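Listed below are the residues making up each chain.
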Amino acid sequence: MNATEFARVERLDTIGEEERSVAISATEAERATLAARFGLVSVEQLEADFAIRRTAAGISATGVVRGAVVQACGVTGDLLPARIEEPVRLLFVEPSAAGDEVELDEGELDTIEIEGGGIDLGEAAAETLALALDPFPRSPRAAERLKEAGVLSEDEAGPFGALAGLKAKLEGKSN
């Protein structure tokens, strides 16, 4: 099993068919390392509550991941605090044959391959946090800054913007 910044490994031989609660929380040092990994200004909080149990399909882990981070606006650099509270439904499974793809419908659990002799709930929580965040955070001043720099908005650059420009030109010629 690969070592991660926020490893909270539950050994397979300790997980039975009866549901067991597991609460995890990242330390200050772990949060600082995760912030660097995910390109965040800081991770102020990362914790999760899971209910784990062994099923015929693998190890089921359901619960919620909570976090608080500070991101930087990609345009202005302004600091943007963000909070997440993300439900989690995971199924840890034995590694399958290379190249096998499994298609899941909306109601099914996300699957993660088991590595070594345990499941890493810390890594699952960290990845859940990262995936729940806005990948392109924008401060309220971002649109103004982009306009000042000459960057067109989606409305101005898209097909409807082009049509509006053409209409303006045509109206200008008829006057």
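Residues numbered from 1 in each chain as written. Predicted model: local features only at pLDDT ≥ 70, side-chain atom pairs only at ≥ 80, totals over all residues. Heavy atoms only, no water.

A. A look at the overall build of the protein. The secondary structure content of the protein amounts to five helices and seven strands. N-terminal to C-terminal, the α/β element order of the protein is β-β-α-β-β-β-β-β-α-α-α-α. Taken as a whole, the protein presents about 11200 Å² of accessible surface, with 51% of it coming from carbon and sulfur. (Helix = DSSP H or I, 4+ residues; strand = E, 2+ residues; numbered from the N terminus. Areas by Shrake-Rupley, 256 points an atom, 1.4 Å probe, with all protein chains shown as cover.)

B. View of the pattern of salt bridges. In the structure shown here, the tally under the stated rule is seven salt bridges. Where glutamate 5 meets arginine 37, a salt bridge forms, and the shortest distance between an N and an O atom there is 2.7 Å. Here arginine 37 lies in helix α1 (residues 28-38) and glutamate 5 lies in the segment before β1 (9-11), a separation of 32 residues in the sequence. Residue classification places glutamate 5 among the partly exposed positions, given a relative accessible area of 24%. Between glutamate 123 and arginine 37 there is a salt bridge, with its nearest N and O atoms 2.7 Å apart. Placement of the pair is glutamate 123 in helix α2 (residues 121-132) and arginine 37 in helix α1, with a sequence separation of 86 residues. (Salt bridge = Lys/Arg side-chain N within 4 Å of Asp/Glu carboxyl O. Buried < 20%, exposed > 50% of the residue type's maximum accessible area, 1.4 Å probe, protein only.)

C. Molecular detail of the sheet that holds strand β3 (residues 42-54). What the five strands build is an open sheet, ordered β2-β3-β4-β5-β6; its pairing is mixed. Of all the strands in the sheet, the pair left with one neighbour each is β2 (20-25) and β6 (110-113). Between one strand and the next, the sheet's axes are offset by a mean angle of 30°, whatever the strand orientation. Examined bridge by bridge, strand β5 (residues 79-93) and β6 share four bridges and lie parallel to one another. (Pairing = 2+ DSSP bridges. Axes fitted to C-alpha atoms, helices over the stretch in contact; angles between N-to-C directions.)

D. Seen up close, α2. Taking 1.5 Å as the rise per residue, α2 with 12 residues should run 16 Å; its terminal C-alpha atoms sit 16 Å apart, in good agreement. Of the positions making up α2, those classed as buried are Leu121, Gly122, Glu123, Ala124, Ala125, Ala126, Thr128 and Leu129. Its side-chain oxygen at 3.1 Å from the backbone nitrogen of glycine 122, aspartate 120 defines the N-terminal cap of α2. (Expected span 1.5 Å × (residues − 1). Polar contact = N/O pair within 3.5 Å; in protein donor to acceptor, adjacent residues only side chain to side chain.)

E. Quick peek at α1. Along α1, the residues that are buried comprise Glu30, Arg31, Leu34 and Ala35. Mapping the buried residues of α1 onto a view down its axis gives an arc of 140°, with all of them on the same face. What points out from α1, more than 90 degrees from its buried face, is the exposed set Ala29 and Ala36. Phi for glycine 39, located one or two positions after α1, is positive at around 70°. (Arc of directions from axis to C-beta.)

F. Structural context of the pairing of β5. Relative to β5, strand β4 (residues 59-72) runs antiparallel, the two being bridged by 14 bridges. Bridge pairing in β5 links alanine 72 to leucine 79. Between the end of β4 and the start of β5, which pair antiparallel, lie six residues, with glycine 77 showing a positive phi angle near 80°.

G. Representation of the environment of aspartate 134. Mapped onto the elements, aspartate 134 comes out in the loop between α2 and α3 (142-148). Between the alpha carbons of aspartate 134 and glutamine 71 there is a distance of 9.1 Å; along the sequence they are 63 residues apart. A distance of 2.8 Å separates a polar atom in the side chain of aspartate 134 from the backbone nitrogen of phenylalanine 136.

H. Representation of a nonpolar patch on the surface in the model. Judged by side-chain polarity, Leu163, Leu166 and Leu170 come together as a nonpolar surface patch covering roughly 300 Å² of accessible area. Examined against the element boundaries, leucine 166 turns out to sit in helix α5 (residues 159-174). (Patch = residues over 30% accessible without salt bridge, like charges linked within 9 Å, V, L, I, M, F, W, Y side chains within 5 Å.)

I. Spotlight on the side chain of aspartate 120. Here aspartate 120 is to be found in strand β7 (residues 118-120). Polar side-chain contacts of aspartate 120 include one of 3.1 Å to the backbone nitrogen of glutamate 123.

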